[in-house]
Structures are given as C-alpha cells and as structure tokens.
Amino acid sequence: MRQPLVAGNWKMNGSLEENRKLLDKLVSGLNTKAEVLVCPPSVYAQGIREQLTGSAIKVGLQNVSDKASGAYTGEVSPLMVKDLGIEYVVIGHSERRSLFGENDEDVAAKFCALTDQGLVPILCVGETLEEREAGDTMKVVTAQVEAVLRTAGPERLANFVIAYEPVWAIGTGLTATPEQAQEVHAVIRGLLAEHDQAMADRTRILYGGSMKAANAADLIALPDVDGGLVGGASLIAEEFQAICHAAG
Ligand code: PEP
C-alpha cells in the first residue's frame with residue numbers, strides 16, 4: 001500500500017565531477033518499484049535535476065529555512081525549493097539538531113513552512129546512545145514526533161515522511177537490529193494513528209542509520225519500515241542501487 005522510498009542524504013559531500021559520475025552509475029541499471037531520491041548539497045540541486053531529466057530519480061534537499069524571504073543570510077526558503085520543482089526536504093536531522101542547535105520548535109516551524117507550500121518534509125527523529133541506554137528511546141522519539149504533530153495540526157499532515165534515525169547508528173557502522181527498528185517504527189505509527197488512522201496508514205516511516213546493501217533487505221521487509229534514509233552508502237553507486245533494489 002505504501003510505496004517504499006529510498007532517500008540518499010549526501011550531506012556536505014561531492015563535487016560537480018563526483019556527482020556526475022555517481023549519478024551516471026546510479027541511473028544505469030536502476031530498476032526498482034521504490035521511489036528514489038537524492039539529497040545533494042543545495043548548491044548542486046538544480047544541476048542534478050537537469051542531469052536526471054528523463055530518469056525516475058528525484059532530487060530533494062537536506063534542510064530549509066522556516067522563513068519565506070528576506071534578510072536571512074545563507075538560508076534557502078521553501079518558496080525557492082518549490083520554485084525549483086523540488087518536493088522533498090529533510091528536516092530535523094540529528095546533525096542539524098546537535099551541531100546547529102535546532103530544537104523541536106525549530107523543526108516544527110520548518111515542517112509547517114514546507115507543508116504550507118505543498119512540499120513534503122522528511123522529519124528525522126531518533127534517540128542518542130545515552131537515551132537508549134537509559135531506557136528513554138520511546139519517550140524521546142514520542143516527544144520529537146508529537147512536537148511536530150501538535151504544532152502542525154491536522155491540516156498539515158496530508159503528506160509527509162518520518163525517518164527514524166537512532167543517533168548512535170548514524171555514520172557509525174552500527175545498525176539497529178530489525179527488532180529494535182520495528183519496535184520504534186510501530187510506536188511511531190501508533191502515535192500517528194492516535195491522530196488519524198488513515199494518515200498513519202499512508203505515511204511512510206523510513207529507517208536511517210548505517211543502512212547498506214548488506215542490511216537493507218532485512219530492515220525494509222519489516223512491516224512498519226517503508227524504506228531508508230541513507231547517508232554514507234548513498235555516495236557509493238553500487239551500494240545505493242542495491243538498497244533501492246532491496247526496497248522492491
Ligand atoms: C544519515 O545521515 O541520515 C544517515 C543515515 O547516515 P548513515 O547512513 O551514514 O548512517
């Protein structure tokens with residue numbers, strides 16, 4: 001019922017030449033029923049959209065401002081994202097939260113700014129290792145999701161994606177076990193269902209955290225895992241392609 005989504009978060013990596021080579025390899029031989037998205041640094045987004053014309057791979061962004069326009073040096077607004085014809089934007093990534101001080105309120109504001117333009121947020125949530133070891137995983141993830149649902153209100157929940165990314169698994173080579181992932185995904189879907197069962201049924205919940213070709217199939221096969229948000233492995237064409245193929 002939910003089409004799997006595999007999204008590559010390139011973070012602050014790449015160059016014109018590297019991007020071109022990566023995408024050339026990725027496009028050739030890609031054959032999947034999953035929706036496939038690459039999220040390059042925003043400065044490359046338009047060029048990559050042009051390179052991907054005619055392919056099914058979509059381009060998204062890694063972050064956005066909650067402001068529409070004005071004196072916000074260095075920022076990119078949802079209106080600009082929409083102007084490029086881009087649909088998806090990652091928000092609330094743990095690196096934005098920990099390195100750039102974004103809190104749940106900031107993330108909720110970005111969520112609203114995107115959905116008000118008809119754009120699709122990929123809302124990242126996840127616990128740190130300390131929080132998991134303290135037994136607080138569900139409490140932390142619930143608070144992160146609820147902060148956004150509460151602020152957004154029902155009218156902004158028509159089309160969005162959640163990415164469960166345990167912070168301890170991001171870029172570490174450690175992956176949540178299928179049991180750990182399914183347990184949290186089911187809790188997140190339950191939270192959505194408390195607001196609206198139909199919304200819970202249609203909303204895709206991705207797993208992120210050291211997903212690679214070797215573990216993708218086991219994770220994506222889980223009942224409440226609808227694809228992946230992939231960092232490091234999205235920079236290796238063969239790996240990312242294999243993850244897309246594992247998704248369907
Ligand atoms: C990410 O940054 O969203 C991510 C999941 O990274 P990695 O796959 O490298 O752990």
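Residues numbered from 1 in each chain as written. Predicted model: local features only at pLDDT ≥ 70, side-chain atom pairs only at ≥ 80, totals over all residues. Heavy atoms only, no water.

## As for the nonpolar core
Counting residues in hydrophobic clusters, the biggest one holds 62 residues, and the most contacted among them are Val38, Val145, Ile162, Ile188, Leu192 and Tyr207. Those residues in contact with Leu192, other than ones at most four positions away along the chain, are Val145, Leu149, Phe160, Ile162, Met199, Ala200, Thr203 and Ile205. Listed in part, the 13 residues of the second largest apolar core include Ala7, Ile122, Cys124 and Leu229. (Core = buried A, V, L, I, M, F, W, Y, C linked by side-chain atoms within 4.5 Å. Buried < 20%, exposed > 50% of the residue type's maximum accessible area, 1.4 Å probe, protein only. Contact = heavy atoms within 4.5 Å.)

## So, empty space enclosed by the protein
Overall, the coordinates contain one cavity of 30 Å³ or more when judged by the stated rule. Approximately 40 Å³ is the volume found for the largest cavity. Forming the boundary of the largest cavity are Gly92, His93, Ser94, Arg97, Cys124, Val125, Gly126, Gln144, Glu165 and Val167. Of the residues belonging to the lining of the largest cavity, the class tally is three nonpolar, five polar and two charged. (1 Å grid on protein atoms, 1.4 Å probe; cavity = no way out; pocket = protein on both sides within 12 Å on 5 of 7 lines; lining within 4 Å. Points joined across faces, edges and corners; volume = space filled by probe spheres on them. Nonpolar A, V, L, I, M, F, W, Y, C, P; charged D, E, K, R; others polar.)

## Quick notes on the pattern of salt bridges
Taken as a whole, this structure holds 18 salt bridges when the rule is applied. For Glu102, the salt bridge identified is with Arg96, shortest N-O distance 3.0 Å. The exposure class of Glu102 is buried, given its relative accessible area of 9%. Lys139 is the partner of Asp136 in a salt bridge, and the nearest nitrogen-oxygen pair spans 3.9 Å. Note on Lys139: relative accessible area 59%, which makes it exposed. One network of salt bridges, in which partners are shared, links Arg2, Arg189, Asp224 and Asp226. (Salt bridge = Lys/Arg side-chain N within 4 Å of Asp/Glu carboxyl O.)

## Considering the pairing of strand S6 (residues 161-164)
Here S6 shows a buried face lined by Val161 and Ala163 and a second buried face lined by Ile162 and Tyr164. Bridge count for strand S5 (residues 120-125) against S6 is four bridges, and the pairing is parallel. Residue pairing in the sheet places Leu123 in a bridge with Ile162 of S6. (Helix = DSSP H or I, 4+ residues; strand = E, 2+ residues; numbered from the N terminus. Pairing = 2+ DSSP bridges.)

## With respect to the side chain of Gln182
Take Gln182: it is sitting in helix H8 (residues 178-195). The class for Gln182 is buried, based on a relative accessible area of 17%. A distance of 2.8 Å separates the side chain of Gln182 from the side chain of Asp224, its partner in a polar contact. With residues up to four places along the chain from it excluded, the contact list for Gln182 reads Leu222, Pro223, Asp224 and Val225. (Polar contact = N/O pair within 3.5 Å; in protein donor to acceptor, adjacent residues only side chain to side chain.)

## Considerations on the site of the ligand
Near the ligand, the surroundings consist of 14 residues, among which Lys11, His93, Glu165, Gly171 and Ser210 are the closest. Between the ligand and the protein, one listed contact pairs an oxygen atom with a side-chain N or O atom of Glu165 at 2.7 Å. In this structure, an oxygen atom belonging to the ligand sits 2.6 Å away from a main-chain N or O atom of Gly171. Relative to its unbound accessible surface of 290 Å², the ligand loses 96% to contact with the protein. (Near = heavy atom within 4 Å. Areas by Shrake-Rupley, 256 points an atom, 1.4 Å probe, with all protein chains shown as cover.)

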